[in-house]
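A structural walkthrough
Chain residues, written in single-letter form:
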Amino acid sequence: MSLNLSGQVLMLEDPADDLDLDSAKVALADGRFQPVTEDHLQLGYSNSTYWFHFQIRNGLLEHTANNEEDRFYLTVNYPLLDNVEFFHIRDGETQTMVTGDIYLFSQRYFSLNTYVFPLALQPGETGDIYIRIFSTSSLLIPIKLQTEQAFIDERFALDTLDGIYIGITIGLGIYNLFLWLGVRSRVYGLYVLMVFSIMSFNTSITGFTFRFWPESLFFQQITVYFFSFTSGIVVILFGMEYLKTRESLPTFHRLFQFLIAICVVFLVLLFFMPITLSAKLTAGITVVSAIMLIVAAVIRLMHGYRPAIYYSLGQGAVIVSVLFTALTSQKVIPLYHIAPEVMKWCSAFELILFSIGLADLVNNERRLREQAQLESADAQSALLETQIKLNQDLDVLVTQRTQELEQANHLLREINTHDELTGLRNRRYLNEALTNEYRRAFRDKTPILVLMIDIDYFKQLNDTYGHQFGDHCLVEAGHLLTGCIRRPPDIAVRYGGEEFVIVLPNTDVTGAIVVAEKIRHAFEQANIQYGEQSTALTISVGVAGEVPSARDEHESLLRMADDFLYQAKSKGRNRVEAGGHETGSSLKVF
């Protein structure tokens, strides 16, 4: 059984606070107590003391106790009341219990958030009850009578809901704490502070936090307002960071900074000013801050900032709860008794939406970053093409951190290591590739061959046909060389002018000579035409190879190949001359 007694009691206002129990009995006899018509009694802020009287008759059909008496529990379910005195007049004796948030938490009959008074009645017995209440906070007086089983069931349900709420907030806080530790983003740190500040505020309203400082009566009095101001500061800071007001809404950013300063000042003054004034200041600052934040969020949403939609919805829920609490606490609208629950679950809804919004914020920043990277990559590609056409220096160091620009850097490197005229690799590439292949041959104890090639009588060809024809011959030479090497590790390089180099890793002597003769024959058979002009080309080839006995002697291999090229030219050109160093391997001198 559970009965709401708020609308079934008699009430007497004591403005002078000079009535005791005997005086209240006299006032009842004189008819000065007035019936209460509200189901949920709300008196707003008042300096008066209030007396309540009602009688309870034990008319249970089934008795809940094994002894002669049934146990009942009388609950005044508003934890912020300063003083609640309970008087049970029975058989000429008065049972008295006193509690409230001006008393130590350990002095309560039950270690619960609300004020609970047990009473026992025999079957058919009528109990005469007086309750005396005063408080500096808004006076909400929900009085409920329950049997023992109904009391236990309701406590279980309420504790379960409180556990769900605290579990949601702590879970969100810990999850985003780990995110903050991982990414070190300021918005995650502010979100974590906001989660625990809002949780502290809501659990203070329901009286849950009083047990954490049971010996501090003063702080117990100001806890709700303290966490209200701290929550306000952190919520504004989070909103500024989430909505990026510094860059996008500088006017709002300055207003938010002003509100934070006001909250800090009020937080300090909270230890010195009356509770009634603190409550009104808290309500005013909260309403103003919530409205400004949602206006800023809507403006950002109109500017195309998609994460603001989650912030708008979450902050909208908070505005509803704040306005509801502020208006009900001032008795503008009824239902103040559900205001703490409205604020608690609206804040949980807000925190969940903000957490989702943080994920969308990260995705949005990633999309913007990728878009900027793509645009930068396109601009870089266009710049590279312009540089190629204008024969400008292509040795540009790109040091961007993103994958797109790294790909652009790779493309730039490919361009810088190719000869623009012939399409072959250039000398810069040879310096790196020959070094690596030579070291690999040294490590694996395998032979490496180098072909040094020179077009015969190229200067006379330029003088006879002109440089444009000479350039065309170099282009065709590049095609011929490319067509004569097939293996992936083989490298064809324009070494300079009319000179070319071919590197043949892991190739024996016979294979190198075959490749050299194949190239020489291809040039000999080719007929180069350009416009109305045509000519035949021949080449001289120097072939040098070895199994490296030292790690970094590739330059000596190039010089050896150049010496054999000189021999080929000296012996009449259009021929191949080969030779090499003898080592401990099976490579022969040829």
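Located above this text is the structure these notes cover.
Okay, so let's go over this structure.

Procedures and definitions
- Residues numbered from 1 in each chain as written.
- Predicted model: local features only at pLDDT ≥ 70, side-chain atom pairs only at ≥ 80, totals over all residues.
- Heavy atoms only, no water.
- Helix = DSSP H or I, 4+ residues; strand = E, 2+ residues; numbered from the N terminus.
- Buried < 20%, exposed > 50% of the residue type's maximum accessible area, 1.4 Å probe, protein only.
- Pairing = 2+ DSSP bridges.
- Axes fitted to C-alpha atoms, helices over the stretch in contact; angles between N-to-C directions.
- Core = buried A, V, L, I, M, F, W, Y, C linked by side-chain atoms within 4.5 Å.
- Contact = heavy atoms within 4.5 Å.
- 1 Å grid on protein atoms, 1.4 Å probe; cavity = no way out; pocket = protein on both sides within 12 Å on 5 of 7 lines; lining within 4 Å.
- Points joined across faces, edges and corners; volume = space filled by probe spheres on them.
- Nonpolar A, V, L, I, M, F, W, Y, C, P; charged D, E, K, R; others polar.

A word on the side chain of Asn462
Within the fold, Asn462 resides in helix α12 (residues 458–465). Overall, the relative accessible area of 13% leaves Asn462 in the buried class.

Section: the sheet that holds strand β19 (residues 576–580)
The strand order across the open sheet built from 5 strands is β14-β15-β13-β18-β19, with neighbouring strands paired in mixed fashion. Strands at the two margins of the open sheet, each flanked by one partner only, are β14 (491–496) and β19. Put simply, the sheet's adjacent strands are angled 20° from each other on average, direction ignored.

Quick word on the pairing of strand β15 (residues 499–505)
Of all 7 residues that make up β15, 6 are buried, and the element is covered over most of its length. As defined by bridge partners, strand β13 (residues 448–455) adjoins β15 across 7 bridges and the pair is classed as antiparallel. By the bridge assignment for β15, Met452 is matched with Val501. Here 5 bridges tie β14 to β15, and the two strands are oriented antiparallel to one another. Within the sheet, the bridge partner assigned to Ile491 lies in β15 and is Val503. The turn linking β14 back onto β15 is made up of 2 residues, and Gly497 within it adopts a positive phi angle of 60°.

Re the nonpolar core
Residues Leu74 and Ile131 are the most contacted members of the largest nonpolar core, which totals 87 residues. The biggest single contributor to this core is helix α4 (residues 217–243), with 15 residues. Other than its neighbours up to four places away in sequence, Ile131 contacts Tyr50, Trp51, Phe52, Phe54, Leu74, Val84, Glu85, Phe86 and Ile143. Counting 33 residues, the second largest nonpolar core, distinct from the first, contains Phe458, Leu474, Ile485 and Phe523.

Description of unusual backbone geometry
With phi around 55°, Asp91 is a residue other than glycine that occupies positive phi space. When you line up the elements, Asp91 lands in the loop between β7 (83–90) and β8 (93–99). A relative accessible area of 72% means that Asp91 is categorised as exposed. Look at Tyr457: it is not a glycine, yet its phi comes out positive at around 55°.

Description of the sheet that holds strand β2 (residues 10–14)
What the 6 strands build is an open sheet, ordered β3-β2-β5-β10-β7-β8; its pairing is antiparallel. The open sheet is flanked by β3 (34–35) and β8, the only strands paired with a single partner. As defined by bridge partners, β7 adjoins strand β10 (residues 126–134) across 7 bridges and the pair is classed as antiparallel. Bridging from a neighbouring strand, His88 pairs with Ile129 of β10. The sheet contacts of helix α1 (residues 21–29) involve β2, β5 (49–57), β7, β8 and β10, and relative to β10 the element is tilted by about 115°.

As for empty space enclosed by the protein
A complete count under the given rule lists 3 cavities of 30 Å³ or more for this structure. Size it by volume and the second largest cavity reaches roughly 80 Å³. Along the walls of the second largest cavity sit Leu80, Asp82, Asp101, Thr136, Ser137, Phe210, Gln220, Gln221, Val224, Tyr225 and Ile275, which together make up its complete lining. Per-element tally for the lining of the second largest cavity: the top contributor is α4, with 4 residues. Its residues assigned to classes, the lining of the second largest cavity comprises 5 nonpolar, 4 polar and 2 charged.

Topic: the pairing of strand β12 (residues 143–147)
Among the 5 residues of β12, 4 are classified as buried, and the element is accordingly described as predominantly covered. In terms of strand pairing, strand β1 (residues 2–4) meets β12 through 3 bridges, oriented antiparallel. Note that in β12 the partner of Leu3 across the bridge is Leu145. One ladder, built from 5 bridges, connects strand β6 (residues 70–76) with β12; its direction is antiparallel. Looking across to β12, one finds that Tyr73 is bridged to Gln146.

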